[in-house]
Each structure stands twice: as C-alpha cells, then as structure tokens.
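# Examination of the molecular architecture
In case you want the letters, here they are:
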Amino acid sequence: MDQLAVLICFTVFTFTTADDAVNTKAFPKDFKFGVATASYQIEGGWNEDGKGENIWDHLVHNGPFIIKHNDTGDIACDSYHKYKEDVRMLKDLGVNHYRFSISWSRLLPTGFANKVNPAGVQYYKSLIKELKANGIEPFVTLYHWDMPQPIQELGGFLNDNFVDWFGDYAELCFKHFGDEVSNWLTFNEPISTCQQGYGNAVKAPLIHSPGIGEYICGKNMMLAHARAWHIYNDKFRSKQKGSVGFVVDSLWYEPSSNKTEDVHAAEMKRQFVWGLYINPLINGDHSTMVKEQIARRSKQQGFKRSRLPEFTEKEQKYLKGTLDVIGLNHYSTVLVSAQEKPDPSAMGFFVDCEANEWKSDDWEKSGSDWLRVVPWGIRKLLKWIKDNFNNHKIIITENGYSDREPKLLKDDRRIHYIKSYLSNIRDAMEKDGVNVIGYTLWSLMDNFEWTSGYTEKLGIHHVDFNSSNRTRTKKSSAEFYKKVIATRCLAEKCTA
Ligand code: BGC
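A quick note: this is a predicted structure, and the numbers were derived from the prediction, not measured. (Residues numbered from 1 in each chain as written. Predicted model: local features only at pLDDT ≥ 70, side-chain atom pairs only at ≥ 80, totals over all residues. Heavy atoms only, no water.)

### As for the overall build of the protein
- Scanning the protein for helices and strands turns up 18 helices and 15 strands.
- Principal axes of the C-alpha set define a box for the protein whose edges measure 60 × 60 × 50 Å.
- Across the 496 residues that make up the protein, the buried fraction comes to 61%.
- Across the protein, contacts joining residues at least 24 apart in sequence account for 78% of those joining residues at least 6 apart.
- In the structure as shown, the protein presents an accessible area of about 19,400 Å², 51% of it carried by carbon and sulfur atoms.
- Across the protein, the centroid of the 62 positively charged side chains sits 4 Å from that of the 63 negatively charged ones. (Helix = DSSP H or I, 4+ residues; strand = E, 2+ residues; numbered from the N terminus. Buried < 20%, exposed > 50% of the residue type's maximum accessible area, 1.4 Å probe, protein only. Contact = heavy atoms within 4.5 Å. Areas by Shrake-Rupley, 256 points an atom, 1.4 Å probe, with all protein chains shown as cover. Lys, Arg positive; Asp, Glu negative; His and termini not counted. Charge placed at Lys NZ, Arg CZ, Asp CG, Glu CD.)

Right under this line is the structure:
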C-alpha cells in the first residue's frame, strides 16, 4: 500500500467511526433551521403576467440543448401558482426560515429598473405575507443564476455597468419587501456562476473564457454585492434592521498527504474560493496567495498585467466590511495534491491553482458524481473559516443529498447524510467554537436541477412532474428533519 492509500484508509476509518457517534447536545434555542429553493428551479410561469426572459429561459428554448431530456423550467414545480401549498409544507416541517430567490426578470422584465412589473411585486409580496402569517422568516436571495436576458446581451457580469444595474434592482427589492424581510443574500455561488458560466461554459450563459472572463465576472460580482450592501446600509438599515450576506460555494479541500507541497496545494485551492470571493468583502482585497499565483502565471504567459483584475484603492475601501453574514453552500469534500508538472500555458480557475483534486473511492457515493458523503469535511471547513475570518458569523445556506430514483420516498441515505452533516456542524459549534447561526437544507422539494433537468433529485418532498398538479409527496427525510427541528436534537435524547 502506498503512502496515499494508507492516509486515505486512516482518514476514512477515523472519521467514519466518529460519524456513527452522533452529537447529543441540543442545538441552541435560537439556532435557525430552514430549507431552500431558487426561483428558476421551482416557480415556472416563465412568461406569465409580464415576466421577462432570463438566461435559463433563453437557453432551454433556443439551445444549445444541453439539458437532460430537453427539460425546461417553464412550469417546474409551478410554485408561481402553488406557493400557498409550499408554505403549508414549510409550516408542517416547523422550519424557522425559508430561503428562496427573487426572479429579477419577474420584477423587472427587461432587467432595468425603469419598468417594474406590478404582478411580479405582488407575487413576492403574497409569498412573503403567507410566510409571515405562518411564522416563517423569509431569507431572500437576490440572484440565483437567472440573469435577465437583455442584460446578458450586454455582457452580463462582464459589463462594468452591471454594478449599477444590480444596485438598482437590489434597491427596489429593499424598498418593496424590506419592511417584511430582514435577511438578504445578494449572490448565490460565485464559482458556479463565474467559473461554470463564464469560464468552462457548462452553465448559462455558456461563455467560454477560462482564466479571463471568469475573473472579470468575479470582480463585478464583488463590487455589485458591495453596491447592494451600501445601498442597504445608507438607506434602509436603520429602519429595516436587517442583514446582507453573500453565498459562497465551497467544498472542503483535504490534502492527500502530509507532504508540504500537497498541504500547500490544498490551501491554494481554499484560497481560490475564499481568497477570491470572501476576503474582498471582509478585508477589502483578494488574498495575497491567490493574487501572486495568478500574477506569476499571467506574466509567464506574456500578459502585461495579471488576468485577475485588481481592485483600485477606492474599490478596496468600498468592499471592505460589507459582509454581515457568510452564507455557506457546502455539499462535499475532495482530496488535493500538488501538480508535479503544472502546464505553464494553461489558463483558468481550475488550472491556475496548480493542484489536482479527486474523490476517494472509499467515500460513499450519492446520485451525483460531484457529491460524495464526507461529513467530517464540513467540520474541518467550518473550523478553517473561523480561523481565517475571525470567527465571522456563518449561516449554512445549502447542504443536501441527491438521488436519481424516479420516486424514492423512503430516502434513508438522505437521512443519513443530513444527520451526519448536522452532527459535524454541531461538533464544530460545540467543540471548535464556530459561530454558526443556522442550517438550510437543500431542498424543500425536487426541482429543476439545471443541466440535469428533473433527473437529479435533492428534495425532501417528491414532486410528480408528470401530473399537471405537480403533486407534492412527503419523503421520510421530511419526517426526520421535522423531528430534528421539533426536538433540536439528533439523537434519541440530548443534553441542553
Ligand atoms: C445550487 C442549487 C442546486 C444545488 C444542487 C447548488 O450549487 O445553488 O441551485 O440545485 O447546488 O446541485
């Protein structure tokens, strides 16, 4: 057995044993339990009542047809019409909060704030009212991947004016809904948005610009977040008293050995997430490690300046301190090693870090290649965030398990996943002192899973996409989660 195999066996053995012993300390009374969805994935009503076209509408109708079975979100879970039923499911679960996103194009059909769609405003007002009437706190994401098509045609995140356009849209949301909403999240997942949308082109808007477009996207996303935060801070905070966070998508990057170069490579991978997207919002700039790495490679490649656009001093001041809470989407872990011979000419988020990543074959599989069940990873990640960002406040905005069964109601593997991840979160809070204020399970129900269409399921309620009713049926995981919320406890009995 080589050194790596020994290490993996040891890691798996140690942590599997620990997983079985679930944490028996009750979650604090003020810990928030919730579930999440996103507009394009559940709403449907894609062109109803004045809604404009967004990039996913555009992609599914015009191609390239890269979505499994050519599925679309035209109807999705039909939540545009069935939101009251959604709220009934939420009420039954007993959640403290519901994370959903606003469809920018439903509110502003062209994307620009000169023309507001009254039916769009009304839809979200009704949803929020229904939630509040049932004692459920709305957690609202402003942007979950559904860019208005007219803004995309002007470059989307690549156009510097995006910062103004997003600011206008955010202001409108604060104005219309802010008296009833205290928890705002600006952007969902910079990596999926920029790296997959503007780097390797696997998600809308399918722009292929590795190592250039994807970093410009990130820069403008940071500045647009800061714009929304400042607008809230200057005009709304004193009256509405809410918070504005940002949602980052992060795996845990575990070094594959104790060798210095592998430990360094794993840290580099973390910096390509946290140093690129969270450091600017907390400390005002990209981390030095990631800046130096991309600058060095850009220079070797003959670029006059780094492919990672720098923030000016003025921008740094504007960005610093604009993160009220870190929203964390975490699903899985990878092993990382240093590349022996990095290709000096390669460009892109996934190669600029000069690291290899892969999943151990010993880790439990789910219904998706990208998702292995590695519960200890979340504890390590939370501890790392605490140590690197001065114990900043964190809310887990997504975590969940996928399967590909047409109708799996007795979803025991999902229960196992939720339980073991929650146990590790509780450990991180209790034993490592991490400031986690809540947990949001993805997802309330099966929905349009982007390029997988309806084949990949992460819901705790099944949705029958063949019935015009979009009938929702409870899975065992919903019963399990309901009990956890009611008892605040993962075991048979917990200590206070
Ligand atoms: C996204 C969700 C998606 C989930 C499962 C997250 O990256 O925010 O929209 O459904 O992962 O793939």
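Okay, back to it.
### Structural notes on the state of the cysteines
- The tally for this structure, following the rule as stated, stands at 2 disulfides.
- The disulfide partner of Cys194 is Cys217, and the S-S distance across this bridge is 2.1 Å. Across the disulfide from Cys194 to Cys217, rotation about the S-S bond amounts to roughly -70°, and the bridge is consequently left-handed. Note that Cys194 is positioned in helix α9 (residues 190-198) and Cys217 in helix α10 (residues 213-240), a separation of 23 residues in sequence. The residues Cys194 and Cys217 share a single accessibility class, namely buried.
- Across a sulfur-sulfur distance of 2.1 Å, Cys489 and Cys494 are joined as a disulfide pair. Residues Cys489 and Cys494 are joined by a disulfide whose S-S torsion is about 90°; by sign, that bridge is right-handed.
- Since its relative accessible area comes to 8%, Cys489 is described here as buried.
- Numbered by position along the chain, the disulfide-linked cysteines of the protein connect as 1-2, 3-4.
- You can see Cys353 has no disulfide; the closest cysteine sulfur is in Cys194, sitting 16 Å from it. (Disulfide = S-S within 2.5 Å.)

### So, the site of the ligand
- Around the ligand, the surrounding shell consists of Gln41, His144, Trp145, Asn188, Glu189, Asn329, Tyr331, Trp370, Glu398, Trp442, Glu449 and Trp450.
- At a separation of 2.9 Å, an oxygen atom of the ligand approaches a polar side-chain atom of His144.
- Glu189 places a side-chain nitrogen or oxygen 2.6 Å from an oxygen atom of the ligand.
- Most atoms of the ligand, that is more than half of them, are within 2 Å of grid points of the largest pocket.
- Within the shell around the ligand, the residues separate by chemical class into 5 nonpolar, 4 polar and 3 charged. (Near = heavy atom within 4 Å. Polar contact = N/O pair within 3.5 Å; in protein donor to acceptor, adjacent residues only side chain to side chain. 1 Å grid on protein atoms, 1.4 Å probe; cavity = no way out; pocket = protein on both sides within 12 Å on 5 of 7 lines; lining within 4 Å. Sits in = over half its atoms within 2 Å of the grid points. Nonpolar A, V, L, I, M, F, W, Y, C, P; charged D, E, K, R; others polar.)

### Considerations on the packing of helix α16 (residues 376-388) against helix α17 (residues 412-432)
- At their nearest, the axes of α16 and α17 sit 8 Å apart, and the two run at 35° to each other. At the point where α16 passes α17, the crossing takes the right-handed sense. From α16, Trp376, Ile378, Arg379, Leu382, Lys383 and Lys386 reach across to α17, where they touch Tyr421, Asn424, Ile425, Asp427, Ala428, Lys431 and Asp432.
- Within the contact of α16 with α17, the residues separate by chemical class into 6 nonpolar, 1 polar and 6 charged. (Axes fitted to C-alpha atoms, helices over the stretch in contact; angles between N-to-C directions. Left-handed = near helix turned anticlockwise from the far one by under 90°.)

### Considering the side chain of Asn183
- Inspection of the secondary structure puts Asn183 in strand β4 (residues 183-188).
- With a relative accessible area of 10%, Asn183 lands in the buried category.
- Within the structure, Asn183 has its side chain in polar contact with the side chain of Glu137 (distance 2.8 Å).
- In contact with Asn183, not counting residues within four places along its chain, are Glu137, Pro138, Phe139, Val140 and Ser243.

### A closer look at the layout of surface pockets
- Approximately 910 Å³ is the volume attributed to the largest pocket.
- Considering the residues around the largest pocket, the lining is formed by 34 residues, among which Glu189, Ser192, Gln196, Lys203 and Trp370 are closest to the centre.
- Mapped by element, the contributors of at least two residues to the lining of the largest pocket are α9, α15 (349-352) and β9 (355-358).
- The element contributing the most residues to the lining of the largest pocket is α9, with 3 residues. (Points joined across faces, edges and corners; volume = space filled by probe spheres on them.)

### A look at unusual backbone geometry
- Residues Gly63 and Pro64 are joined by a peptide bond in cis, for which omega reads 0°.
- Relative to the helices and strands, Pro64 is located in the loop between α3 (55-62) and α4 (79-93).
- The linkage connecting Ala204 with the following residue, Pro205, adopts the cis geometry, with an omega of 10°.
- Phi at Ala76 is positive, roughly 50°, even though this residue is not glycine.
- Inspection of the secondary structure puts Ala76 in the loop between α3 and α4.
- Of note in the backbone geometry, Leu206 takes a positive phi value of approximately 55° without being a glycine.
- Tracing the sequence through the fold places Leu206 in the loop between α9 and α10.

### A word on the packing of aromatic side chains
- All chains considered together, the criterion is met by 46 aromatic pairs.
- Consider the rings of Trp363 and Trp376, whose centres lie 6.1 Å apart with planes at 75°: the pair is edge-to-face. Taken together, the positions of Trp363 in the loop between β9 and β10 (364-365) and Trp376 in helix α16 put the pair 13 residues apart, joining distant regions of the chain.
- Note on Trp363: relative accessible area 6%, which makes it buried.
- Judged by its relative accessible area of 4%, Trp376 is buried.
- Note on Tyr401 and Tyr417: the rings are 5.7 Å apart at their centroids and 50° apart in plane angle, and the pair reads as tilted. Remark: Tyr417 occurs in helix α17 and Tyr401 occurs in the loop between β12 (394-398) and α17; sequence separation between them is 16 residues. (Phe/Tyr/Trp six-rings, centres within 6.5 Å; stacked < 30°, edge-to-face > 60°.)

### Brief notes about the sheet that holds strand β2 (residues 97-101)
- Pairing within the closed barrel is parallel, and its 8 strands lie in the order β1-β2-β3-β4-β5-β7-β12-β13. Here the average twist between neighbouring strands, direction ignored, is 25°. (Pairing = 2+ DSSP bridges.)

### A few points about helix α13 (residues 288-300)
- Relative to the 18 Å expected for 13 residues at 1.5 Å per residue, α13 spans 18 Å between its end C-alpha atoms, a close match to the ideal helical length.
- If you check which residues of α13 are buried, you get Val290, Gln293, Ile294, Arg297 and Ser298. Buried residues in α13, looked at end-on, bunch into an arc of 125°, giving them a common side. The exposed set on the far side of α13, more than 90 degrees from its buried face, consists of Glu292, Lys299 and Gln300.
- Just past α13, the residue Gly302 takes up positive phi, approximately 90°. (Expected span 1.5 Å × (residues − 1). Arc of directions from axis to C-beta.)

Geometry only, nothing functional implied.
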